Amino acid sequence: MSEQLKFIVEQLNKDPFKKNFNLITFDSLDPMQLLQVLNDALAEIDPKQAIDIREEMPEQTVKRMCSLLGMLKYKPPGNLSDVSSFRQGLVTGNKPVVHPILHWLLQRLPELKKRAYLARYLVKLEVPAEFLQDDVINDTYHQYEELVEGFKTYHKECEQLRTSGFSTAEIRKDIGSMEEEKDQLIKRVERLKKRVESVASHQRMLEQARQLRVEKEREESLTHQKQEQKNQLFQAEQRLQRNQQQLKDLRQSSADSNPESLMKRLEEEIRINSYMVSEKLPKELEGMRRTVQYLQKITSEPAMGQADLQELEDQIKGVDSQINQLIEKRMMKNDPMDDKMALYRQQASIIIRRKESKAEELREARDDLAAAERELKQRSSQSQTSDGEEVIRGDELKRLVMKLRSKGTVFKKKRHEMAELKAEFGVLQRTEEILKQRHETVQEKLQTLEAEKGISGYSTTQEELERVSAIKSELDEKKGRTLDDMSEMVKKLNSLIVEKRSALAPIIKELRTLRQLGQELSQEYDEKKVQYESCTAGLESNRSKLEQEVKALREETVQEENRYHCINSMSEMQIQRAAEEMKAYVSSDPQEKKKAIREVYLKNISEQELLGKKLREKQKVVRESHAANMEQMTLWRDLEQLMECKRQCFIRSQSQASIGQVIQEGGEDRLVL
């Protein structure tokens, strides 16, 4: 978790966020600020999400974030797979929910930007079927789908051009340099034509030079074909060796197989497939249906607020407490030592779980095998389409590595020689500059002397004449040499062509026979490969069955050992406790006897008996005095009513006295105002 927080803080402090957080300040953010940081990260991926969440309802915020995360294919961690808990964590800004989302987003920000950009155009609009019955809407929807497909193709081409490594500036530069080279070559060809036109037999010489070039190109193509044929021959030999080895292995593996083992293998495979079809797959299908129904129920319900979520949490807690109480009652009623079927139930549940786990592993292994076979076919097709070459094997790879190493040593030597030559070139260049300076000084002195003698320009004229005569003599020699060399070269080329043809004729014949042999071996290899695959499949199923049995037996031994150790430890504790009780009971010390459980229980029993006796006596007294007490209680109640009546009369007399005075005389009442 600390590494995750460090990564999040580092990325948020960089461009384009620049939050200037540290671990303490980031960890101390309140839920609203943490949700705002998450919203800023989502806004960097999709600019439409740039909203202040304080101005938005929590339900809308969660709905918007969940839709974008679903589009980006975010999967919550294992402990947050429940949709309701994940949404509740987003609403409350819970750190265990928000931190993994931020870590996942900041890890793959460029990829998610691209995905959000593509989703804007590739997520199709859902149009109800009854609306599509209208011709105008149907045509418009088809045009919309065509535009989406066109966008896909254009985007792929754009990505290919971006990843190809070419740029328009480089291409323009290459075109400009190629045009300059073309102009230079045209000028050079024109100069050469002007020079050659003065020669009498220049047409014949040009024709021979053309034939020479054609023969050189043909020689190069023949050498290339020869090298290719050598490579093909070497590859055919390698394939032959591999096929022979595989044939040998198949013969060895088929020697141990018999019809009974094959039948057992097939029966085992049939049992596995029948279990998958009858039990495993229907359970998975039913679970998926329940999940879909649950999700549909959630989507059909209205958006819940904080009060609804709190109410649901309270209900969940109440149901959990009821379940725990029921489990405790059941455990108290059913003694596991008395239940003889508990062990068998436990073993049956273990076997069922093990069976389901192995079926799941088998399904995953089959999926992996199918994916590997598809990848193998794709790789083999790619290797066949790429110039017909075969994939490099182990021995060929080793040979190529040895060649690369030898070439690496040669490269190092040549690089060292180039460094020495560069150093020598620098020295010679400096020497040339010094000599040029000396020559210039000598020329200046010579010119001053010629000017003094009155013969200025004599040395330059003399040098020019000598240079022209030397050039003329060299041209004459070159002309003679080129004619002789060209005639000798034509003869040599003709003889070489004849020799190469005669040398290649037996090799071509051998290659034809080897090709036929290679085709026969490839057919035989395919047949043996099918047999080998069937045998390996049977052996693999038998091996997996044995591994399952061994694993089940190991688990059973571990369980029995644990049970034995548990019973042994319980029996030792009970024996020790019984020994201590016997020791305390037999002991002559009264203090030790008091510590015994028997004495404690006897003491408790006597105390409870005394308490019961006292309570019975008290009950007897209450029963005897019940009638008198009831009579006294009625008298007290009558007295209470009498006192209440007197109180009411007194209150009434007080209220009458405020109006006037009542005088009682001779049995008469008079009111005096």
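Residues numbered from 1 in each chain as written. Predicted model: local features only at pLDDT ≥ 70, side-chain atom pairs only at ≥ 80, totals over all residues. Heavy atoms only, no water.

- Identification of the protein as Intraflagellar transport protein 81 homolog from Labrus bergylta is taken from an unreviewed UniProt entry.
- If you open the UniProt record of the protein and go to Sequence similarities (unreviewed entry), you find "Belongs to the IFT81 family." (UniProt positions renumbered as here; feature names shortened; annotations may be inferred.)

## What to know about the overall build of the protein
Alright, step 1. Along the protein, the regular secondary structure elements total 19 helices and two strands.
Alright, step 2. Here the protein holds 673 residues, and 14% of them are scored as buried.
Alright, step 3. Taking all contacts inside the protein whose residues are at least 6 apart in sequence as the whole, residues at least 24 apart take part in 61%. (Helix = DSSP H or I, 4+ residues; strand = E, 2+ residues; numbered from the N terminus. Buried < 20%, exposed > 50% of the residue type's maximum accessible area, 1.4 Å probe, protein only. Contact = heavy atoms within 4.5 Å.)

## A look at the pattern of salt bridges
Alright, step 1. With the rule as written, the count across this model stands at 11 salt bridges.
Alright, step 2. Close ionic contact of Lys152 with Glu149 constitutes a salt bridge, the shortest N to O distance being 3.6 Å. With Lys152 and Glu149 both in helix H9 (residues 135–163) and three residues apart, this pair spans about one turn of that helix.
Alright, step 3. Given the relative accessible area of 34%, Lys152 is considered partly exposed. (Salt bridge = Lys/Arg side-chain N within 4 Å of Asp/Glu carboxyl O.)

## Focus: the side chain of His99
Alright, step 1. When you line up the elements, His99 lands in helix H6 (residues 95–107).
Alright, step 2. A relative accessible area of 4% places His99 in the buried class.
Alright, step 3. If sequence neighbours within four positions are ignored, His99 has contacts with Gln4, Leu5, Ile8, Phe26 and Leu34.

## Digging into the packing of helix H7 (residues 109–122) against H9
Alright, step 1. Two elements in contact, H7 and H9, have axes separated by 10 Å at closest approach and are oriented at 150°. Taken together, the axis directions place H7 and H9 in an arrangement best described as roughly antiparallel. Counting all contacts with H7, which are made through Lys114, Tyr117, Leu118, Tyr121 and Leu122, the residues of H9 involved are Val148, Phe151, Lys152, His155 and Glu159.
Alright, step 2. Per-class residue counts for the contact of H7 with H9 are six nonpolar, one polar and three charged. (Axes fitted to C-alpha atoms, helices over the stretch in contact; angles between N-to-C directions. Parallel < 35°, antiparallel > 145°, perpendicular 65-115°, else oblique. Nonpolar A, V, L, I, M, F, W, Y, C, P; charged D, E, K, R; others polar.)

## Quick word on the state of the cysteines
Alright, step 1. Under the criterion given, the structure shown has zero disulfides.
Alright, step 2. Cysteine Cys645 shares no disulfide, and the gap to the nearest cysteine sulfur, in Cys649, comes to 4.3 Å.
Alright, step 3. A relative accessible area of 44% means that Cys645 is categorised as partly exposed. (Disulfide = S-S within 2.5 Å.)

## Side note on a positive patch on the surface
Alright, step 1. Taken together, the side chains of Lys187, Arg188, Arg191 and Arg195 define a basic patch exposed on the protein surface.
Alright, step 2. Assignment of secondary structure puts Arg191 in helix H10 (residues 168–196).
Alright, step 3. Owing to a relative accessible area of 48%, Arg191 belongs among the partly exposed residues under this scheme. (Patch = residues over 30% accessible without salt bridge, like charges linked within 9 Å, V, L, I, M, F, W, Y side chains within 5 Å. Areas by Shrake-Rupley, 256 points an atom, 1.4 Å probe, with all protein chains shown as cover. Lys, Arg positive; Asp, Glu negative; His and termini not counted. Charge placed at Lys NZ, Arg CZ, Asp CG, Glu CD.)

## Points about empty space enclosed by the protein
Alright, step 1. Counted under the stated rule, the structure contains one cavity of 30 Å³ or more.
Alright, step 2. Reported here for the largest cavity is a volume of approximately 80 Å³.
Alright, step 3. Looking at the largest cavity, the residues that line it are Glu215, Arg218, Glu219, Leu222, Leu493, Leu496, Ile497 and Lys500.
Alright, step 4. Every element with two or more residues in the lining of the largest cavity is listed here: helix H11 (202–255) and helix H16 (458–586).
Alright, step 5. Here the residues of the lining of the largest cavity sort into four nonpolar, no polar and four charged. (1 Å grid on protein atoms, 1.4 Å probe; cavity = no way out; pocket = protein on both sides within 12 Å on 5 of 7 lines; lining within 4 Å. Points joined across faces, edges and corners; volume = space filled by probe spheres on them.)

## What about a negative patch on the surface?
Alright, step 1. A grouping of Glu179, Glu180, Glu181 and Asp183 is seen on the molecular surface, where their side chains present a negatively charged patch.
Alright, step 2. Checked against the element boundaries, Glu180 lands in helix H10.

## A short note on the nonpolar core
Alright, step 1. The biggest cluster of nonpolar side chains holds 35 residues, and the ones touching the most others in it are Phe26, Leu38, Leu90, Ile101 and Leu105.
Alright, step 2. Counting residues per element, the ones that place at least two in this core are helix H1 (2–13), helix H3 (31–45), helix H4 (58–71), helix H5 (83–92), H6 and H7.
Alright, step 3. In contact with Phe26, other than residues within four places in its own chain, are Leu5, Ile8, Val9, Leu12, Phe21, Leu34, His99 and Leu102. (Core = buried A, V, L, I, M, F, W, Y, C linked by side-chain atoms within 4.5 Å.)

## Some details on H5
Alright, step 1. Among the residues of H5, those classed as buried are Phe86, Gly89 and Leu90. Relative to the axis of H5, the buried residues are bounded by an arc of 100° and lie together on one face.
Alright, step 2. Taken together, the buried residues of H5 touch H3, H4 and H6.
Alright, step 3. Gly93 sits one or two positions beyond H5 and adopts a positive phi of about 65°. (Arc of directions from axis to C-beta.)

## Description of unusual backbone geometry
Alright, step 1. At Lys73, a residue that is not glycine, the phi angle is positive and equals roughly 65°.
Alright, step 2. Mapping Lys73 onto the fold places it in the loop between H4 and H5.

## A word on the side chain of His155
Alright, step 1. The residue His155 is located in helix H9 in this model.
Alright, step 2. Among the residues examined, His155 registers a relative accessible area of 17% and is labelled buried.

## Points about the confidence of the model for the protein
Alright, step 1. Summary statistics for the protein give a mean pLDDT of 78 and a share of 84% for residues scoring 70 or more.
Alright, step 2. Confidence scores differ between elements of the protein, with strand E2 (residues 668–672) showing the lowest mean pLDDT of 56 and helix H19 (residues 626–657) the highest of 88. (pLDDT = per-residue confidence, 0-100.)

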